[in-house]
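Structural overview for review
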There are 2 protein chains.
Amino acid sequence: MGAGQVSVDSINPKVLKCQYAVRGEIVAHAQRLQQELKANPGSLPFDEILYCNIGNPQSLGQQPITFFREVLALCDYPSLLDKDKTRHLFSSDSISRAQQILDQIPGRATGAYSHSQGIKGLRDTVAAGITARDGFPCNSDDIYLTNGASPAVHMMMELLLSSEKDGILCPIPQYPLYSASITLHGGTLVPYYLNEASCWELEMSELKRQTEEARSKGIKVKALVVINPGNPTGQVLSEENQKDIVEFCIEEGLVLIADEVYQEDVYVDNKKFNSFKKISRSMGYGEEDIALVSLQSISKGYYGECGKRGGYMEVTGFSSSVKEQIYKIASVNLCSNISGQILSSLVMSPPKVGDASFDSYRAERDGILSSLARRAKMLEEAFNSLEGFSCNKVEGAMYLFPRINLPRRAIQAAQAENSVPDVFYARRLLEAAGIVVVPGSGFGQVPGTWHIRCTILPQENKIPMVISKLTEFHKAFMTEFRE
Amino acid sequence: MGAGQVSVDSINPKVLKCQYAVRGEIVAHAQRLQQELKANPGSLPFDEILYCNIGNPQSLGQQPITFFREVLALCDYPSLLDKDKTRHLFSSDSISRAQQILDQIPGRATGAYSHSQGIKGLRDTVAAGITARDGFPCNSDDIYLTNGASPAVHMMMELLLSSEKDGILCPIPQYPLYSASITLHGGTLVPYYLNEASCWELEMSELKRQTEEARSKGIKVKALVVINPGNPTGQVLSEENQKDIVEFCIEEGLVLIADEVYQEDVYVDNKKFNSFKKISRSMGYGEEDIALVSLQSISKGYYGECGKRGGYMEVTGFSSSVKEQIYKIASVNLCSNISGQILSSLVMSPPKVGDASFDSYRAERDGILSSLARRAKMLEEAFNSLEGFSCNKVEGAMYLFPRINLPRRAIQAAQAENSVPDVFYARRLLEAAGIVVVPGSGFGQVPGTWHIRCTILPQENKIPMVISKLTEFHKAFMTEFRE
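What counts as what
Residues numbered from 1 in each chain as written. Chains lettered and ligands numbered in written order. Predicted model: local features only at pLDDT ≥ 70, side-chain atom pairs only at ≥ 80, totals over all residues. Heavy atoms only, no water. Contact = heavy atoms within 4.5 Å. Buried area = accessible area lost by both parts, 1.4 Å probe. Salt bridge = Lys/Arg side-chain N within 4 Å of Asp/Glu carboxyl O. Polar contact = N/O pair within 3.5 Å; in protein donor to acceptor, adjacent residues only side chain to side chain. Helix = DSSP H or I, 4+ residues; strand = E, 2+ residues; numbered from the N terminus. Nonpolar A, V, L, I, M, F, W, Y, C, P; charged D, E, K, R; others polar. Axes fitted to C-alpha atoms, helices over the stretch in contact; angles between N-to-C directions. Parallel < 35°, antiparallel > 145°, perpendicular 65-115°, else oblique. Left-handed = near helix turned anticlockwise from the far one by under 90°. Pairing = 2+ DSSP bridges. Least-squares fit on C-alpha atoms with pLDDT ≥ 70 in both. Buried < 20%, exposed > 50% of the residue type's maximum accessible area, 1.4 Å probe, protein only. 1 Å grid on protein atoms, 1.4 Å probe; cavity = no way out; pocket = protein on both sides within 12 Å on 5 of 7 lines; lining within 4 Å. Points joined across faces, edges and corners; volume = space filled by probe spheres on them. Right-handed = clockwise from strand over helix to strand, strands pointing away. Domains from an automatic or database assignment.

Structural notes on the interface of chain A and chain B
Tallying the contact residues gives 92 residues for chain A and 92 residues for chain B. Here chain A packs against chain B, burying approximately 7,400 Å² in sum over the two surfaces, 56% of which is carbon and sulfur. In terms of surface lost to chain B, no three residues of chain A exceed Arg23(A), Leu89(A) and Tyr113(A), which account for 11% of the buried area on that side. Inspection of the chain A/chain B interface yields two salt bridges. In this structure, Lys308(B) engages Asp76(A) in a salt bridge whose closest nitrogen and oxygen atoms are separated by 2.7 Å. Our enumeration of links across chain A and chain B arrives at 39 residue pairs in polar contact (both at pLDDT 80 or more). Elements that contribute at least two residues to the side of chain A that touches chain B include exactly helix H1 (13–17), helix H3 (66–76), helix H4 (86–89), helix H7 (149–160), helix H8 (176–184), helix H12 (320–332) and helix H13 (338–347) of chain A. Considering every element that reaches the side of chain A that touches chain B, the biggest residue donor is H12(A), with eight residues. Taken together, the residues of the side of chain A that touches chain B sort by class into 41 nonpolar, 35 polar and 16 charged.

Quick look at the packing of helix H7 (residues 149–160) of chain B against helix H8 (residues 176–184) of chain B
Residues and elements named next belong to chain B. Taken N-terminus to C-terminus, the directions of H7 and H8 make an angle of 40°; their axes are 9 Å apart at the nearest point. The pairing of H7 with H8 is recorded here as oblique in orientation. Seen along the crossing, H7 lies across H8 with a hand that is right-handed. Side by side, H7 and H8 meet where Ser150, Val153, His154 and Met157 of the first sit next to Leu177, Tyr178, Ser181 and Ile182 of the second. Here the contact of H7 with H8 is composed, by residue class, of five nonpolar, three polar and no charged.

Regarding the sheet that holds strand S10 (residues 399–400) of chain B
All names here are of chain B. Strand order in this open sheet of three strands is S10-S14-S13, and the pairing throughout is antiparallel. A strand with exactly one partner marks an edge of an open sheet, and here the two such strands are S10 and strand S13 (438–439). Sheet analysis places S13 next to strand S14 (residues 452–455), joined by two bridges and oriented antiparallel. The partner of Val438 across the bridge, within S14, is Arg453.

Describing the sheet that holds strand S2 (residues 143–146) of chain A
Residues and elements named next belong to chain A. The seven strands lie next to each other as S2-S8-S7-S6-S5-S3-S4, forming an open sheet whose pairing is mixed. The open sheet has two edge strands, S2 and strand S4 (188–193), and neither has a second partner. In this sheet, adjacent strand axes meet at a mean angle of 20° when their direction is disregarded. Across the sheet, helix H6 (residues 120–134) touches S2 and strand S8 (311–316), and the angle it forms with S2 is around 115°.

Considering the relation of the copies chain A and chain B
A rotation about an axis combined with a shift along that same axis relates the two copies of the chain. With an axial shift of 0.0 Å and an RMSD of 0.0 Å, the rotation relating chain A to chain B amounts to 180°. Such values leave the two copies arranged in the relation of a two-fold axis. Closest to the rotation axis within chain A is the C-alpha of Ala73(A), separated from it by 2.1 Å. Looking at the interface residues of chain A, 100% of them are also at the interface in chain B, so both copies use one shared face.

Looking at the environment of Ala197(B)
Residue and element names in this part refer to chain B. Here Ala197 is to be found in the loop between strand S4 (188–193) and helix H9 (204–216). Taking relative accessible area as the criterion, Ala197 reaches 77% and is therefore assigned exposed. Note: C-alpha distance between Ala197 and Gln63 (134 residues apart in sequence) is 36 Å.

Focus on the layout of surface pockets
The gaps of empty space that remain are located by a probe, the size of a water molecule, rolled over the atoms. Estimated volume of the second largest pocket: approximately 1,800 Å³. Around the second largest pocket sit 47 residues that line it, and His115(A), Gln31(B), Gln34(B), Gln35(B) and Tyr51(B) are the ones nearest its centre. Every element with two or more residues in the lining of the second largest pocket is listed here: H6 and H12 of chain A together with helix H2 (25–39) and strand S1 (50–51) of chain B. In terms of residues, the lining of the second largest pocket owes the most to one element, H2(B), which gives nine residues. For the lining of the second largest pocket, the class distribution of residues is 18 nonpolar, 17 polar and 12 charged.

Describing the pairing of strand S7 (residues 292–297) of chain A
Residues and elements named next belong to chain A. With six of six residues buried, S7 lies mostly within the body of the structure. Of the two faces of S7, the one holding Leu292, Ser294 and Gln296 and the one holding Val293, Leu295 and Ser297 are both buried throughout. Note that strand S6 (residues 255–259) and S7 share four bridges and pair parallel. Residue pairing across strands places Ala258 opposite Ser294, the latter belonging to S7. Summarising the sheet, S7 and S8 pair through six bridges and their orientation is antiparallel. In the sheet register, Leu295 faces S8, and the bridge partner there is Met313.

Examining the pairing of strand S3 (residues 166–172) of chain B
All names here are of chain B. Within S3, seven of the seven residues are buried, which leaves it mostly tucked inside the rest of the structure. Side chains Asp166, Ile168, Cys170 and Ile172 project from S3 onto one buried face, and the interleaved Gly167, Leu169 and Pro171 project onto a second face that is buried too. Following the chain from S3 across H8 to the adjacent parallel S4, one finds a crossover that is right-handed.

Section: the domain arrangement of chain A
Often, the extent of an interface is quoted as the loss of accessible area upon association of its parts. Residue and element names in this part refer to chain A. According to the domain assignment, chain A consists of domain 1 (3–61 + 363–481) and domain 2 (113–348). Between domain 1 and domain 2, the contact holds 37 residues from the first and 37 residues from the second. For the pair domain 1 and domain 2, the summed buried area comes to about 3,100 Å², and 60% of that belongs to carbon and sulfur atoms. Put simply, domain 1 and domain 2 have one salt bridge between them.

A closer look at the environment of Glu381(A)
Residue and element names in this part refer to chain A. Within the secondary structure layout, Glu381 lies in helix H14 (residues 358–385). The partly exposed category is assigned to Glu381, whose relative accessible area is 48%. Considered as a pair, Glu381 and Gln104 are 277 residues apart in the sequence and their alpha carbons are 48 Å apart.

Comments concerning the packing of helix H15 (residues 408–416) of chain B against helix H17 (residues 463–481) of chain B
All names here are of chain B. Look at H15 against H17: their axes get within 8 Å of each other, and the N-to-C directions meet at 90°. With respect to H17, the element H15 is oriented roughly perpendicular. Where H15 approaches H17, its residues Arg409, Ala410 and Ala413 are matched on the opposing element by Phe477, Glu480 and Phe481. Tallied by class, the residues present in the contact of H15 with H17 amount to four nonpolar, no polar and two charged.

With respect to unusual backbone geometry
With omega at 0°, the peptide bond leading from Ile172(B) into Pro173(B) counts as cis. Within the secondary structure layout, Pro173(B) lies in the loop between S3 and H8. In this structure, the amide linkage connecting Asn228(B) to the following residue, Pro229(B), adopts the cis form with an omega of -10°. In this fold, Pro229(B) is placed in the loop between strand S5 (220–227) and helix H10 (239–252). A positive phi angle, near 55°, is found at Arg108(A), a position not held by glycine. When you line up the elements, Arg108(A) lands in the loop between helix H5 (92–104) and H6. Judged by its relative accessible area of 35%, Arg108(A) falls in the partly exposed class.

Okay, structure coming up:
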């Protein structure tokens, strides 16, 4: 190390401590193998890397919704709207929608910083979409348009956490954004375990027990994170369960942070998505009763616009003095990107019956969602057919989180190379079959159990191939390590 | 406050402490007045609010560069590229550039999360642009594409600051993003004062004095922030001065954080922009000698694409183990938005001589930059003609930072209403003339001196009106408070 260089010993220890498995060592290894494949085709036992590690649908071939992209292109280059030929290239409702959006932007300037919470007219559209979804009013002053859900989570953690004595209740398994953000902001993650035996149920007794245990250690528990539909676990909460959670937050004085980014991704007939805002309002609770933050993202749903970085948080039940502080944090980053803001308004207000694009929009949306449901079912059945695997039903979201009962000899082999057993399994799977999954240890799991997270996102015609490669690998693995 | 609500006493005190004047109380007041004007036209002594508070050119009518927006629109809606009519609506080089960019994106998916540092092909383009600018090589592995410069600053502060014992040298006056970010990350801002009497010169003696003083208080000084061209002060550093700064950082073992977002905005013939990377390499210093972070943004320059949120940081001279940590922080937010990434590549690689768009691109660029230079001069002369004002030359960037020698009675009047004198002046200016400026106290200033920051961004045909309103207000103000 040179004289002018910074060493890891001198940097922020919270950064060192932070972990983010979704882009962790297995993914880095996969990227190296991909380069190897490119440099020396045929050198590996597979000819492509199948990324099942991250909810990134368009990277695997999912097409964006045409209407959304038409509107974006017109807003990017508004002088198209003055030209006759544009009518031959764009749908009539994308043209009128782009006009309407540009009229909502001061000076029609899509290249200007907006209000720190996002463009007022777009927030109005988002608020109207939430009102229509829930049947309860939403105020656009409560909406903060963000560069995806991640910055929203960071903002809330920055607001709520002062020291390691401040705790946030998070499900285990959890999406590692939460653990990473809590670590970076110096707080304490208070885990509550979802019950795998009853399809990853969120049990109130567990929530209470963990809250009390944390308090007995001097932790001030400030908020409860609920991910619904679940990531990585895929369960959809029942209305009854949601009501109990709302009551719990009110009784315990907790902020309820509802990660609702998979609200469009429900694949079973006996469950439906309900926002926590709708549930709490339907119970008669208002702003004075419960502090609630609802997160939505344009990266998920049927839209899958991950690269556009958009989303919103709806913040209700905070005092005006605290809201001023949230506004200030938002303003330090000036604003979120306008394309993401526009897309956030579009996903909350897609084409309606009678609009020129409605039929094609509906066909695209339903095609994606019904295919995701079929893929989830195929992969779930495949995992359940493999020796030692058991996989809960994927009711929603984009992931399977099967449990694998690893042979004792595989666990010993992992330990012999200083590896965590599920990381060992994931690395072997990658090296033999080119399939990238995330080890369950990146999300948290009951000690002594092992899982992997696998997305349902490879294109449908590739699923049989994924299953056959997985099956072949797993049989060989079990043959190698079975006792 | 209801039972479920969070109080300001229970939130992170660092958030409470953080200040961000660029979107502070004067701006909030302006937004209220704007609503008042809309609701009751004619109720105020002006009929429009003139926002001179923030470097947001397109909000004031600056048009985006056509070529950039053509490419963006094609990348957002790539099926345009398959249609014949597109050739009649888009320039031929925007079509070929969009093709080229899409070919660089895995799966041509502009809606997919990218590599955490940004799309490799776009980083290659940025790196080639830096290499061409500096005459020294740039490696695309050192480039992190970001949602503007703000997140880059936060990332570096998060990396470097562990406690209030860690200090960052910042110019005073400074852009308040730095003070806000240092406060939010729990570190200490170590101020060094620019010398107003010699056109905001950065004096080495002052740097040394402040560094020693901070160290004598037990502060570990970790980095030096230099903003060049200066914000809010508008000076452009001389090559000699830059060399001294590089030597200083090497001697003192400091990371040099070079805020170079105004690199295209230089308005005087006797100064030119030199990156600190170029300066240090031309002195023979390499990666092993100095840790250097260079920030660039698509929000500034002649492009002014604030709302698109794009930019990059070039990180050199860090050990590979520290780079892994920077990568990890970047990966927790997954990636910056792809439209911003594409624009970052475009501003570092605009049309070249011979390209179909070159002439129109050059005309647009030169039109903006020469007009900015004229506006800077007109406003500078106007301020210098006003009683009590003195204003340094605007060599670069987008702001004037004139000093105002406030009458004693004005200071007393401010104190009588518990206001800071420059805030008092700015509020009076807003209420009388509708002109929004930022009080100097938001940037820091030598105690007992008062300033305002005023952008040079109102459209050129409005500048005479801004000047006449300002002059009229100021004369009345002085008449009211002159002793």
